[in-house]
Amino acid sequence: MTSYVERPPVPQLAGVVRTVWVQRTGAAPYVQRHLPTGGVELHFPIGGRPQLLGPLTGPHVEVIPAHTTLVGVRFRPGAAPPLPAVLDDLVDQRLVLAELWGSPVERLVDAVGVAATPELALEVLQAHLLREFRAAGGADPLVGEAVRALMPWRPVDISALAGHLALSASQLRRRCLHAIGTGPKVLQRTLRFQGFLALAQAGATASGRVGADGVAGLAVDVGYADQAHLSRECLRLTGVTPRSLLGGDVDRCACGHDHSASYRPFLAGRGR
């Protein structure tokens, strides 16, 4: 059996990291389907080579070998770790972390490898990231404000958002490409689907709008026109249907993993 245990980051990283996790595979390889989240991820197999998964615009399927333990970090959109490249150069790419960070990665690999437990390895990794962020300075505050505005539940017009931020639409797009890897419209679609997954993970009920209940109601709640619109976006972003993605149940996610740590922020904004 494969286990996946997700948790919030340490408080000092809460503004830049969405969630951290420990994943273990069993006696057989595990097919992992990575989905677009709007951010980048660090995948750190214990005893292996750490990798960075760049911003995704579609699914990325990976086969994790049997008897593998890895720790991971998922960053918030616009809050990637310090990298020697703008994020639109890393879209849909998986890179060996040593190619980006150089020799410090080898010391980090050693420190993670000697940790007594995966949980302690995750603490080592987060401590390293905290030092990196403190040395690099803050992220683009306007991009951060754009990300908050593009969260699901309240559809936002991109041109109106640019005006609110005192930017032109082209300036907003350029800053998002640099700091997020995608334009604001692509990010908005990604976050909307993440909002739907948050509802499915929690087994939430629709808000009760007339003529919309069940999955159709959840789709409308998160900003889709209808259930068919949701299905089209699911195929585009994940490569499979909602029923297949959620483990055969379109009312509640049955994937066997607890994603509450990363999806709780989406649910917190639902009632605002």
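Just so it is clear, the model here is predicted, and its values are computed rather than measured.

Some details on the sheet that holds strand β4 (residues 41–45)
Okay, so step 1: Pairing in this open sheet of 6 strands is antiparallel, and the strands run β1-β2-β7-β4-β5-β8 from one edge to the other. The sheet is open, and its two edges are formed by β1 (3–7) and β8 (94–96), each paired on a single side. Strand-to-strand twist of the sheet, defined as the mean angle between neighbouring strand axes without regard to direction, takes the value 20°.
Okay, so step 2: Inspection of the sheet shows β4 paired to strand β5 (residues 51–53) by 3 bridges, in the antiparallel sense. Bridge pairing links Leu 42 to Leu 52 in β5.
Okay, so step 3: Packing against the sheet, helix α11 (residues 260–268) makes contact with β1, β2 (17–24) and β7 (69–75), and its axis sits at approximately 155° to β2.

A closer look at a nonpolar patch on the surface
Okay, so step 1: Where nonpolar side chains cluster on the molecular surface, the patch consists of Val 31, Val 61 and Val 63 and spans about 270 Å² of accessible area.
Okay, so step 2: Looking at where Val 61 falls in the secondary structure, it is placed in strand β6 (residues 60–64).

Quick word on helix α2 (residues 104–113)
Three- or four-residue spacings in an α-helix give side chains the same orientation, since the helix completes a turn every 3.6 residues.
Okay, so step 1: For α2, the full list of buried residues reads Val 105, Leu 108 and Val 112. What you see down the axis of α2 is that its buried residues fit within an arc of 60°, all on one side. Structural note: α2 exposes Arg 107 and Asp 110 on the side pointing more than 90 degrees away from its buried face.
Okay, so step 2: Those residues of α2 that are buried lie in contact with β4, α1 (98–101) and α3 (118–136).

Structural notes on the nonpolar core
Okay, so step 1: In this structure, Leu 172, Phe 193, Phe 196 and Leu 197 are the most contacted members of the largest nonpolar core, which totals 38 residues.
Okay, so step 2: Among the secondary structure elements, those contributing two or more residues to this core are α4 (141–149), α5 (158–164), α6 (169–179), α7 (184–202), α8 (214–222), α9 (227–238) and α11.
Okay, so step 3: Top contributing element to this core by residue count: α7, with 8 residues.
Okay, so step 4: Beyond its immediate chain neighbours, meaning those up to four positions away, Leu 172 contacts Ala 146, Ile 158, Leu 161, Ala 162, Leu 165, Leu 167 and Pro 184.

Structural notes on the side chain of Gln 23
Okay, so step 1: If you trace the backbone, Gln 23 turns up in strand β2.
Okay, so step 2: Polar side-chain contacts of Gln 23 include one of 2.9 Å to the side chain of Gln 32.

Brief notes about unusual backbone geometry
Okay, so step 1: The phi torsion at His 67 lies on the positive side, around 55°, for a residue other than glycine.
Okay, so step 2: For His 67, the location among the structural elements is in the loop between β6 and β7.
Okay, so step 3: Phi is positive for Asp 92, which is not a glycine, with a value near 60°.
Okay, so step 4: In this structure, Asp 92 sits in the loop between β7 and β8.

Let's talk about the packing of α7 against α8
Okay, so step 1: Axis separation between α7 and α8 bottoms out at 9 Å; the angle between their running directions is 140°. In this view, α7 runs oblique relative to α8, as classed from their interaxial angle. The chirality of how α7 crosses α8 is right-handed. Between α7, through Arg 192, Gly 195, Phe 196 and Leu 199, and α8, the contact on the second element is made entirely by Val 215, Leu 218 and Val 222.
Okay, so step 2: Its residues placed into classes, the contact of α7 with α8 shows 5 nonpolar, 1 polar and 1 charged.

Definitions and cut-offs
- Residues numbered from 1 in each chain as written.
- Predicted model: local features only at pLDDT ≥ 70, side-chain atom pairs only at ≥ 80, totals over all residues.
- Heavy atoms only, no water.
- Pairing = 2+ DSSP bridges.
- Helix = DSSP H or I, 4+ residues; strand = E, 2+ residues; numbered from the N terminus.
- Axes fitted to C-alpha atoms, helices over the stretch in contact; angles between N-to-C directions.
- Contact = heavy atoms within 4.5 Å.
- Patch = residues over 30% accessible without salt bridge, like charges linked within 9 Å, V, L, I, M, F, W, Y side chains within 5 Å.
- Areas by Shrake-Rupley, 256 points an atom, 1.4 Å probe, with all protein chains shown as cover.
- Salt bridge = Lys/Arg side-chain N within 4 Å of Asp/Glu carboxyl O.
- Buried < 20%, exposed > 50% of the residue type's maximum accessible area, 1.4 Å probe, protein only.
- Arc of directions from axis to C-beta.
- Core = buried A, V, L, I, M, F, W, Y, C linked by side-chain atoms within 4.5 Å.
- Polar contact = N/O pair within 3.5 Å; in protein donor to acceptor, adjacent residues only side chain to side chain.
- Parallel < 35°, antiparallel > 145°, perpendicular 65-115°, else oblique.
- Left-handed = near helix turned anticlockwise from the far one by under 90°.
- Nonpolar A, V, L, I, M, F, W, Y, C, P; charged D, E, K, R; others polar.

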